[in-house]
Amino acid sequence: MMVQTVGPVDEALAGLRVDEDRLRADFDALAQIGATGDGGVHRPALSEAHLAARAWFRGRIAAAGLEFRTDGAGNHSAFLACGPAGAPVLLLGSHLDSVPYGGRFDGPLGVLAALEALRVVHHAGVSLPVHLEAIDFTDEEGTLLGELGSAALAGTLTAAAVREPRCGRAALEAALARAGLTEDGLLAARRDPASLAGYLELHIEQGPRLMDARVDVGVVTGIVGICSYRLTFVGRADHAGTASMADRRDAVLGASAFALAAREIVLRDFPGCVANVGDMDVVPGAFNIVPARVTLALEFRAPEPEPFRRLEEALLERARAEAQRFGLALEVERRGWLDPAPMSEPARRACAEAAGALGLTHISLFSGAGHDAQVLALVCPAGMIFVPSVGGASHSPREFTRWQDCVNGVNVLLHAALRMAFDRDPEGSESP
Ligand code: GLV
Ligand code: MN
Ligand code: MN
């Protein structure tokens, strides 16, 4: 691998900095779209608010004199042709969708950072060995499938996953129609990995470690594996007043016992892992009917492949046991699997060196949140930079990152991108 450290190009580029005022104006304008009035935003993937945020982004791309691009998965990009003809593209980005009633930093900070990095390079008139692209990925948050846009681009999206999305088939079809997208388009959005020089993403930490350590920036070592299931406990509807307590086949009892057991299993046997029952749908759902069916949304996460698979087995075994204990049947549908992903060594080095050169303190840390970078890591060198989250809050309107920390992160992204642009094998043969 050719590593270009200090040289004439680096000296010319070292003084580049992002325009804080322009970035701030963009950040505040974007936070108004889908604003919930308490500091948060509600922009589920391909909702009207999300589409409005994307239309706004497209306007900012045009205003910057950059080329707008989109693909069959609806990913939205600014493109800057700053490399030689046929050069690969270095992707920078994140997502403009949010979880329901989420915060205004999770995703938008990374998209605006990417756009700002392109504007700085564009205005400086710099030529690089690669082209640059600032990308807003579709459905990072999993309202539909989860990391849908990045999986489509990486070519890891399967027809089977599209047939059985986390949100259910009808919701996916409605969302695609709203955005003018098609299933065929999703599956055709794959890019040749040889066309990708790498992927870098700036994001808020979404946890307390950087604040606790009083450190400016985190360099991400790897991203957690995430698996989701819909589990349905099937019992029998009965009169809640007349059926004897001993004879009931109450689906809520099985589902509730399982939710408690999932917590115990993780705490006892799976350090570093987590499990969440995030939703329960009770049918028929009335005061005076013994519940006949409960469908729950289970998600669990692990930092390494081996405990990830063991945790899956342990949870399913326990779900079957709880169903049996309460005289219930169990229906099991897996609704998504993302492997844990280490970040690439060259990307980590670029982020750490960029932070150091900017005089910022940094530590390495692991991400318990999912990110598009874990999908991109399957096809190109991928890395992430974290900035501190006050109180560690995220997926909530309480999400907050101090503005100076945001600016620091955007400057690190810019300089990490420049370093990655030059820190490449001239044949483009660097492995992820
Ligand atoms: C996305 O933020 C996730 O970790 O679910
Ligand atoms: Mn995010
Ligand atoms: Mn998120």
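Residues numbered from 1 in each chain as written. Chains lettered and ligands numbered in written order. Predicted model: local features only at pLDDT ≥ 70, side-chain atom pairs only at ≥ 80, totals over all residues. Heavy atoms only, no water.

Undergrad: Quick one: what's the story with the packing of helix α2 (residues 20-31) against helix α4 (residues 108-124), residue by residue and with numbers?
TA: Axis separation between α2 and α4 bottoms out at 10 Å; the angle between their running directions is 145°. Every pair of crossing elements has a handedness; the one defined by α2 and α4 is right-handed. Only P108, L112, A113, L115, E116, R119, V120 and H123 of α4 make contact with α2, whose side of the interface consists of R22, L23, D26, F27 and L30. Partitioned by chemical class, the residues of the contact of α2 with α4 number eight nonpolar, one polar and four charged. (Axes fitted to C-alpha atoms, helices over the stretch in contact; angles between N-to-C directions. Helix = DSSP H or I, 4+ residues; strand = E, 2+ residues; numbered from the N terminus. Left-handed = near helix turned anticlockwise from the far one by under 90°. Contact = heavy atoms within 4.5 Å. Nonpolar A, V, L, I, M, F, W, Y, C, P; charged D, E, K, R; others polar.)

Undergrad: Summarise the coordination of the manganese ion (ligand 3); cite the residues concerned and give the values.
TA: At 2.1 to 2.5 Å from the manganese ion (ligand 3) lie its protein donor atoms, namely D106 (OD), E141 (OE), E141 (OE) and H395 (NE2). For the manganese ion (ligand 3), the single-chain donor residues occur in sequence as D-x34-E-x253-H. Separating the manganese ion (ligand 3) and the manganese ion (ligand 2) is a distance of 3.6 Å, and D106 donates to both of them. Remark: H395 occurs in the loop between β13 (382-387) and α14 (403-422) and D106 occurs in the loop between β3 (89-94) and α4; sequence separation between them is 289 residues. (Donors = N, O, S within 2.8 Å, 3.2 Å for Na, K, Ca; no water.)

Undergrad: Would you mind going over the coordination of the manganese ion (ligand 2) in detail, with residue names and values included?
TA: At 2.0 to 2.2 Å from the manganese ion (ligand 2) lie its protein donor atoms, namely H95 (NE2), D106 (OD) and H203 (NE2). Spacing between the donor residues of the manganese ion (ligand 2) along their common chain follows H-x10-D-x96-H. Classification of D106 by relative accessible area gives buried; the value is 4%. The exposure class of H203 is buried, given its relative accessible area of 1%. (Buried < 20%, exposed > 50% of the residue type's maximum accessible area, 1.4 Å probe, protein only.)

Undergrad: Describe the site of ligand 1, with residues and values.
TA: Taken together, E140, E141, R301, A369, G370 and H395 are the residues near ligand 1. Here an oxygen atom of ligand 1 and a side-chain polar atom of R301 are 2.7 Å apart. Here H395 contributes a side-chain N or O atom positioned 3.1 Å from an oxygen atom of ligand 1. Expressed as a share of its isolated accessible area of 190 Å², the protein-covered part of ligand 1 is 91%. When its residues are assigned to classes, the shell around ligand 1 shows one nonpolar, two polar and three charged. (Near = heavy atom within 4 Å. Polar contact = N/O pair within 3.5 Å; in protein donor to acceptor, adjacent residues only side chain to side chain. Areas by Shrake-Rupley, 256 points an atom, 1.4 Å probe, with all protein chains shown as cover.)

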